[in-house]
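Spelled out, the chains give:
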Amino acid sequence: MNKQPGTKGLIFNEPQLWEKSREGRCAVSIPKTQVKRTLLDPSLTADAPELPQLYELDVVRHYTRLSQWNFGVDSGMYPLGSCTMKYNPKTNEVQAARAGFASAHPLAGEEFSQGALKLMYDLEQALGEITGFPAVTLQPAAGAHGELAGILMFHAYHEKKGKQRSKIIIPDTAHGTNPASAALCGYASVSVKSGEKGILEPAAVAAIMDEDTAGIMITNPNTLGLFEENIREICEIVHAKGGLVYGDGANMNAIMGIVKPGDLGIDALHLNLHKTFSTPHGGGGPGCGTVSVVKELIPFLPVPRIEKNRTGKELDTYKFVTDCPDTIGRMHTFYGHFGVMVRALAYILSMGPKGLKDASTLAVLNANYIKESLKGTLNLPYDLPCMHECVFNDKFQQENHITTMDMAKRLLDYGFHPPTVYFPLVVDAAFMVEPTETESKENIDQFIDAVKAIAAEARENPELLKKAPLLTKVTRLDEVAAARKPCLRG
């Protein structure tokens, strides 16, 4: 690979549509009417919005140019650690766009929604099989929403037992939304530090687990990209004191088809369908944070739930059930983000059991390949076999006063989206890379070469990195000013 970034491409200074507007231009051809033309009463149009007047080419070029300013998975490698920004097969989009799914209306009633109900029921069954749990809800709209649903169920479970508890244990390698979910349910967060190997030690959990603790929230694989090897023993410790174990399954992309969290002692687990199960991810949604639960928590699942009526005829029927006295109630208007569910089931069915296992295997292989290739270039705080992601930092570059942020910005000039930076917090100045299973060895090698070239620049021309990026539409911002006074217009 040429170690110098490519030449600067065409970057248009695209004006706002109002600036391009010209009187009399129109992008729509309306057929001539056979009805006599009649002017509206001016009083009825006084408040009508004044819209820009443009012809078709104006509109096409405007939005095409704007799209070229953005970086997406379809543009290039998107190695955001903890985010699983993998390529989304276009067949999933085709299925979600089918008229019967895309035009389905939530108020159509069960009689006219059998196809949608069957799809959701089948997805619940598939996710239950993948995760190892007897029941699943599709309602939560995102991973954090799934956490909230899970901890609400924990709260309802302890309430039903007759003694509410006040605390939740949260490891330092958890996702940042975990403490917020616990707090929203009235629990205080009790932090527990991971051990020298970056994973939880049973003794540390046992030291703080008591009968006033509702349970523990464990991200596995954790945010260091490491599998919690002591998970079974930790679950036993928590269960022995009457607590429950919540599994943050945001990183299921590393273990699907290999490990079933339900077999490890976990009581509730959320998944991010917009990560592991291939819905386009980012931009604020929509997402889907399904929650799988053990038998004891089924009564507390959100309503409505979907049931299958075995008619004995050629076609079974499906219905919503709301008569669940111990339910935590609704978590979402209607049932959830249906388009995400269509994409997820399309992904699962097209991949099959072997394909899902292969995806996890390749995600782990790719991450370990990057870890081994770059560990002499960037500092590796935990030099252990990783799962789907690996975490470096800028220790080697600090002698030239180059930071993780400088390197991340420079990666933009080499055509790569930067990785996640300064997370997880347990690693100072973290540089967190997740290649996902969808990147080829050739693409990963280009990324590795780019990082090595940037590390060389950090030694030979550090001032260059401090000014990066140089080739993007917008060059380096004042990060503090951008956060305090964001510019929300083009």
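See the structure above.
The shown structure was predicted, so the numbers you read here are calculated from the model rather than taken from an experiment. In this numbering scheme, every chain counts its residues from 1 along its sequence in written order. Where local features are concerned, this predicted model is filtered to residues with pLDDT of at least 70; where side-chain atom pairs are given and counted, the filter is 80 or more; whole-chain, interface and lining totals use all residues. Calculation of side-chain values draws on the structure's entire complement of heavy atoms; hydrogens and water are dropped beforehand.

Trainee: I'm lost on the overall build of the chain in this one. Help?
Mentor: The helix and strand labels rest on DSSP assignments: H or I over at least four residues marks a helix, E over at least two residues marks a strand, and numbering proceeds from the N terminus. When helices and strands are tallied, the chain shows 15 helices and 12 strands. Radius of gyration means the value over C-alpha atoms here, while the globule rule gives 2.2 Å times the residue count to the 0.38 power. Here the chain has a C-alpha radius of gyration of 26 Å; the compact-globule value for 490 residues is 23 Å, and the two agree. Taken over the C-alpha atoms alone, the chain extends approximately 75 × 70 × 45 Å along its principal axes. Sorting the 490 residues of the chain into buried and exposed places 47% on the buried side. A separation of at least 24 residues holds for 72% of the contacts in the chain among residues at least 6 apart in sequence. Throughout, the Shrake-Rupley method with a 1.4 Å probe supplies accessible areas, and for residues the shown protein chains are the sole cover considered. With the model as given, the accessible surface of the chain reaches about 24,800 Å², and the carbon-plus-sulfur share is 55%. Each residue is placed in one exposure class: buried if its accessible area under a 1.4 Å probe, protein chains only, is under 20% of its type's maximum, exposed if it is over 50%, and partly exposed if it falls in between. A contact between two residues is defined here by any heavy atoms of the two lying within 4.5 Å.

Trainee: What's the story with the packing of helix 12 (residues 404-413) against helix 13 (residues 441-460) in this structure? I'm lost.
Mentor: Geometrically, a packed helix pair is captured by the angle between its two axes and the distance between the axes. Every angle, taken between N-to-C directions, lies between 0 and 180 degrees, and every axis is a line fitted to C-alpha atoms, over only the stretch in contact when it is a helix. In the contact formed by helix 12 and helix 13, the axes pass within 10 Å of each other and the chain directions differ by 125°. Relative to helix 13, helix 12 is oriented oblique. In this structure, helix 12 meets helix 13 at a crossing whose hand is right-handed. Together, Met407, Arg410 and Leu411 of helix 12 and Phe447, Ala450, Val451, Ile454 and Glu457 of helix 13 make up the contact between the two elements. Grouping the constituent residues of the contact of helix 12 with helix 13 by class yields six nonpolar, no polar and two charged. With respect to orientation, any angle under 35 degrees is reported as roughly parallel, any angle over 145 as roughly antiparallel, any angle of 65 to 115 as roughly perpendicular, and every other angle as oblique. By definition, any crossing whose near helix is turned counterclockwise from its far helix by less than a right angle is left-handed, and any crossing with a clockwise turn is right-handed. Under this grouping Gly is polar, as are all residues other than the nonpolar Ala, Val, Leu, Ile, Met, Phe, Trp, Tyr, Cys and Pro and the charged Asp, Glu, Lys and Arg.

Trainee: Would you mind going over the sheet that holds strand 4 (residues 213-219) with me for this structure?
Mentor: Within a sheet, adjacent strands bond to each other through the backbone by hydrogen bonds, running parallel or antiparallel. Note on pairing: two strands pair once DSSP finds at least 2 bridges between them. The mixed open sheet is built from seven strands, whose spatial order is 1-7-6-5-4-2-3. Edge strands, defined here as strands with exactly one partner in the open sheet, are strand 1 (135-137) and strand 3 (188-192). Shown here is a sheet whose adjacent strand axes are inclined to one another by a mean of 25°, direction ignored. Bridge analysis of strand 1 against strand 7 (residues 291-293) gives three bridges, and the strand direction is antiparallel. Of the residues in strand 7, the one forming a bridge with Val136 is Ser292.

Trainee: In this structure, what is going on with the nonpolar core? I would like to understand it.
Mentor: As a rule of thumb, soluble globular proteins bury nonpolar side chains together. By convention a nonpolar core is built from buried Ala, Val, Leu, Ile, Met, Phe, Trp, Tyr and Cys residues, the set being connected through side-chain atoms within 4.5 Å. Residues Leu123, Leu127, Ile216, Leu273, Phe277, Val293 and Leu297 are the most contacted members of the largest nonpolar core, which totals 80 residues. Per-element accounting of this core gives the leading share, 11 residues, to helix 11 (residues 338-374). Leave out the neighbours within four places in its chain, and Leu123 touches Leu138, Leu273, Met341, Ala344, Leu345 and Ile348. Within the second largest apolar cluster, 25 residues are counted, among which are Ala367, Phe416, Val433 and Ile448.

Trainee: Got a minute to help me understand the side chain of Ser360 in this structure?
Mentor: Tracing the backbone shows Ser360 in helix 11. Once you skip the residues sitting within four places of it in the chain, Ser360 turns out to touch Met252, Asn253, Ala254, Ile255, Met256 and Ile258.

Trainee: It is not clear to me how the packing of aromatic side chains should be interpreted in this structure. Could you clarify?
Mentor: Two descriptors summarise a pair of aromatic rings, namely the distance from one centre to the other and the angle between the planes of the rings. Each Phe, Tyr or Trp ring (for Trp, its six-membered ring) is paired with any other whose centre lies within 6.5 Å, and the angle between the two planes then decides the class: stacked below 30 degrees, edge-to-face above 60, tilted in between. Applying the stated criterion across every chain yields a total of eight aromatic pairs. Taken together, a centroid distance of 5.7 Å and an interplanar angle of 65° make the contact between Phe71 and Tyr78 edge-to-face. Each ring, one from Phe154 and one from Tyr246, has its centre 6.2 Å from the other, and the planes form 75°; the classification is edge-to-face. Here Phe154, found in helix 7 (residues 143-161), pairs with Tyr246, found in strand 5 (residues 244-248); they are 92 residues apart in sequence, far enough to count as distant. This pair shows no difference in class: Phe154 is buried, exactly as Tyr246 is. Of note, Lys473 hangs over the ring of Trp69, and the distance from its end group to the ring centre comes to 4.6 Å. Lysine and arginine charges are scored as sitting over a ring when NZ or CZ, respectively, is within 6 Å of the ring centre and within 35 degrees of the ring normal.

Trainee: Is there a simple way to explain the environment of Ala203 in this structure?
Mentor: Mapping Ala203 onto the fold places it in helix 9 (residues 202-208). Using a relative accessible area of 60% as the deciding quantity, one classes Ala203 as exposed. Placed 34 residues apart in sequence, Ala203 and Ile237 show a C-alpha to C-alpha distance of 9.2 Å.

Trainee: Where do I start with the sheet that holds strand 12 (residues 431-433) in this structure?
Mentor: Spatial ordering of the open sheet is given by 10-12-11, a layout of three strands whose pairing is antiparallel. Every other strand in the sheet has two partners, leaving strand 10 (390-392) and strand 11 (420-421) as the edge strands with one partner each. The pairing of strand 11 with strand 12 spans two bridges and is antiparallel. Considered in strand 12, the bridge of Val421 is made with Phe431. Sheet strands touched by helix 12: strand 11 and strand 12. Its angle to strand 12, the strand with the most contacts, is close to 45°.

Trainee: What should I look at first to understand the side chain of Glu437 in this one?
Mentor: The topology assignment puts Glu437 in the loop between strand 12 and helix 13. A polar atom in the side chain of Glu437 sits 2.9 Å from the side chain of Lys86. When near neighbours in sequence (up to four residues on either side) are disregarded, Glu437 contacts Lys86, Asn253, Tyr347, Ala359, Leu362, Ala363 and Asn366. A 3.5 Å cut-off defines polar contacts: any pair of N or O atoms within that distance qualifies, except that in protein one atom must be a possible hydrogen donor and the other a possible acceptor, and neighbouring residues in sequence count only when both atoms are side-chain atoms.

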